[in-house]
Protein chains: 2
Amino acid sequence: MNLPERSLAKALIYITYKNGVLDPQGLAVKGALASLGFEGVGDVRVGKYIEIELADSPPEEMKARAEKMCRDLLANPVIEDFRIELPASDALDAQDTQ
Amino acid sequence: MNLPERSLAKALIYITYKNGVLDPQGLAVKGALASLGFEGVGDVRVGKYIEIELADSPPEEMKARAEKMCRDLLANPVIEDFRIELPASDALDAQDTQ
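Residues numbered from 1 in each chain as written. Chains lettered and ligands numbered in written order. Predicted model: local features only at pLDDT ≥ 70, side-chain atom pairs only at ≥ 80, totals over all residues. Heavy atoms only, no water.

K.L.:
I would appreciate a short explanation of the overall build of chain A in the present structure.
P.N.:
Helix and strand content of chain A: three helices and three strands. In sequence order, chain A lays out its α and β elements as β-α-β-α-β-α. The proportion of buried residues among the 98 residues of chain A is 37%. Restricting the contact set of chain A to residue pairs at least 6 apart, pairs at least 24 apart contribute 71%. Here chain A displays about 5,400 Å² of accessible surface, and carbon together with sulfur accounts for 51% of that area. (Helix = DSSP H or I, 4+ residues; strand = E, 2+ residues; numbered from the N terminus. Buried < 20%, exposed > 50% of the residue type's maximum accessible area, 1.4 Å probe, protein only. Contact = heavy atoms within 4.5 Å. Areas by Shrake-Rupley, 256 points an atom, 1.4 Å probe, with all protein chains shown as cover.)

K.L.:
Before we go on, may I ask you to explain the side chain of B:R83 in this structure?
P.N.:
All names here are of chain B. With respect to the element layout, R83 can be found in strand β3 (residues 80-85). On the accessibility criterion, R83 (14% relative accessible area) is buried. For R83, the side chain forms a polar contact with the side chain of E85, separated by 3.0 Å. (Polar contact = N/O pair within 3.5 Å; in protein donor to acceptor, adjacent residues only side chain to side chain.)

K.L.:
Before we go on, may I ask you to explain the sheet that holds strand β1 (residues 8-17) of chain A in this structure?
P.N.:
Strand pairing in a sheet relies on backbone hydrogen bonds. The paired strands run either parallel or antiparallel. A sheet is described by the order of its strands in space; here six strands give the open sequence β3(A)-β1(A)-β2(A)-β2(B)-β1(B)-β3(B), paired in antiparallel fashion. At either end of the open sheet lies a strand with only one pairing partner, and these are β3 (80-85) of chain A together with β3 of chain B. Mean inter-strand twist for the sheet, computed between neighbouring axes without regard to direction, equals 25°. Summarising the sheet, strand β1 (residues 8-17) of chain B and β3(B) pair through six bridges and their orientation is antiparallel. The residue of β3(B) that forms the bridge with B:T16 is B:D81. On the sheet, helix α1 (residues 24-35) of chain A packs against β2 (41-55) of chain A together with β2 (41-55) of chain B and is oriented at approximately 125° with respect to β2(A). Seen against the sheet, helix α2 (residues 59-74) of chain A touches β1, β2 and β3 of chain A together with β2 of chain B and runs at an angle of roughly 120° to β2(A). (Pairing = 2+ DSSP bridges. Axes fitted to C-alpha atoms, helices over the stretch in contact; angles between N-to-C directions.)

K.L.:
How do you make sense of the relation of the copies chain B and chain A when you look at a structure like this?
P.N.:
Copy one and copy two of the chain differ by a rotation about a common axis and a shift along it. Rotating chain B by 180° and moving it 0.0 Å along the rotation axis overlays it on chain A with an RMSD of 0.0 Å. What we have between these two chains is a two-fold relation. Taking the C-alpha atom as reference, chain B places B:K48 closest to the rotation axis, 2.3 Å from it. Comparing contact sets, 95% of the residues at the interface of chain B also lie at the interface in chain A, consistent with an isologous, same-surface contact. (Least-squares fit on C-alpha atoms with pLDDT ≥ 70 in both.)

K.L.:
How should the interface of chain B and chain A be read in this particular structure?
P.N.:
Interfaces are frequently sized by the accessible area removed from exposure as the parts join. Across the contact, 41 residues belong to chain B and 39 residues belong to chain A. A buried area of about 3,400 Å², summed over both sides, lies between chain B and chain A, and 62% of it is on carbon and sulfur atoms. The tally of links from chain B across to chain A stands at zero salt bridges. At the junction of chain B and chain A, the tally comes to 12 residue pairs in polar contact (both at pLDDT 80 or more). At 15 residues, β2(B) tops the list of elements feeding residues into the side of chain B that touches chain A. For the side of chain B that touches chain A, a count of residues per class yields 22 nonpolar, seven polar and 12 charged. As defined by bridge partners, β2(A) adjoins β2(B) across 11 bridges and the pair is classed as antiparallel. Bridging across to β2(B), A:V46 finds its partner in B:I50. (Buried area = accessible area lost by both parts, 1.4 Å probe. Salt bridge = Lys/Arg side-chain N within 4 Å of Asp/Glu carboxyl O. Nonpolar A, V, L, I, M, F, W, Y, C, P; charged D, E, K, R; others polar.)

Put into structure tokens, the structure is as follows:
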């Protein structure tokens, strides 16, 4: 492990297709739900949800790093939108207990 | 389109590997970030983020339907956790403007 001594904080990244871009996985899920008997299902969109631990630093800095990661690697800006959240660490722990 | 006349509301579903389950896609992303020169990156976990439009009904009912969809199709309960959110529709629109 090549991590620095600094503590880590999580960044949450949500990547979705832009409106109007065909989402084949979403269509497949919609069809599968219908064939399983679920009724009244409208549009289904499937995206990615990524949790990344980053060296803890001021929120603007962490957000800027996460945005650069999205543009350089994680998302395809031509067809995808991304959204970044920096949760309070205890809020995230509370979520994880589901 | 075989939708009922009722209006639709979105359910947001987050699917992640359980703690302790190996996440090969997360490892690949971590390695790729390192090779792109991003430093101080800790654990990376890649999950799914699904937006489903369901017939609008009381929140408990919508949540129950979304949970059943997760158990029956969307998640693998053996290795994955899921979490469901029912956003106020205007809150979601505000997110989308990013």
